[in-house]
Amino acid sequence: MCLHNLYNTQMQYNFTDLEVHHIEPIANAWDKRLEDDNLISLCRYHHELAEKGTIPAKELKNIILESTPQVFGEKT
C-alpha cells in the first residue's frame with residue numbers, strides 16, 4: 001500500500017513497523033495461512049485498515065499478482 005501511495009499513505013518507503021497480513025483470515029482459511037499468495041507485508045497503519053476491511057481483500061490480491069506475475073500468473 002505504501003509503495004503505491006494508497007489509502008492516505010504516511011510514508012511511501014517504510015522499513016519499520018512492518019507486519020504480515022493474511023488476506024484470507026486464518027480463522028476462515030487455516031490451510032492458506034502460509035501460502036505466499038495469501039500473505040502481504042503492510043505497515044501497521046495499512047494492516048489495521050486491511051483488518052477492518054477498509055482495504056478490500058481483492059485489492060490486496062491484485063497488488064500481489066501485479067508485483068509477482070511470474071510467480072502467481074496474470075491478474076484475473
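Our structure's up above, just so we're on the same page.
As the structure is a computational prediction, the values presented were derived from the model and not from experiment.

A.B. asks: I'd like to hear about the pattern of salt bridges, residue by residue, with values.
C.D. replies: Counted by the stated rule, this structure contains 3 salt bridges. The partner of Asp 17 in a salt bridge is Arg 44, and the shortest N-O contact between them spans 3.5 Å. In this pair, Asp 17 sits in the segment before β1 (18-22) while Arg 44 sits in helix α1 (residues 44-52), placing the two residues 27 residues apart along the sequence. Assessed through its relative accessible area of 44%, Asp 17 is described here as partly exposed. Between Lys 32 and Glu 24 there is a salt bridge whose closest N-O contact spans 2.9 Å. Linked by salt bridges that have partners in common, Asp 17, Glu 19 and Arg 44 make up one network.

Scoring rules and cut-offs
- Residues numbered from 1 in each chain as written.
- Predicted model: local features only at pLDDT ≥ 70, side-chain atom pairs only at ≥ 80, totals over all residues.
- Heavy atoms only, no water.
- Salt bridge = Lys/Arg side-chain N within 4 Å of Asp/Glu carboxyl O.
- Helix = DSSP H or I, 4+ residues; strand = E, 2+ residues; numbered from the N terminus.
- Buried < 20%, exposed > 50% of the residue type's maximum accessible area, 1.4 Å probe, protein only.

Keep in mind these numbers describe shape, not what the thing actually does.
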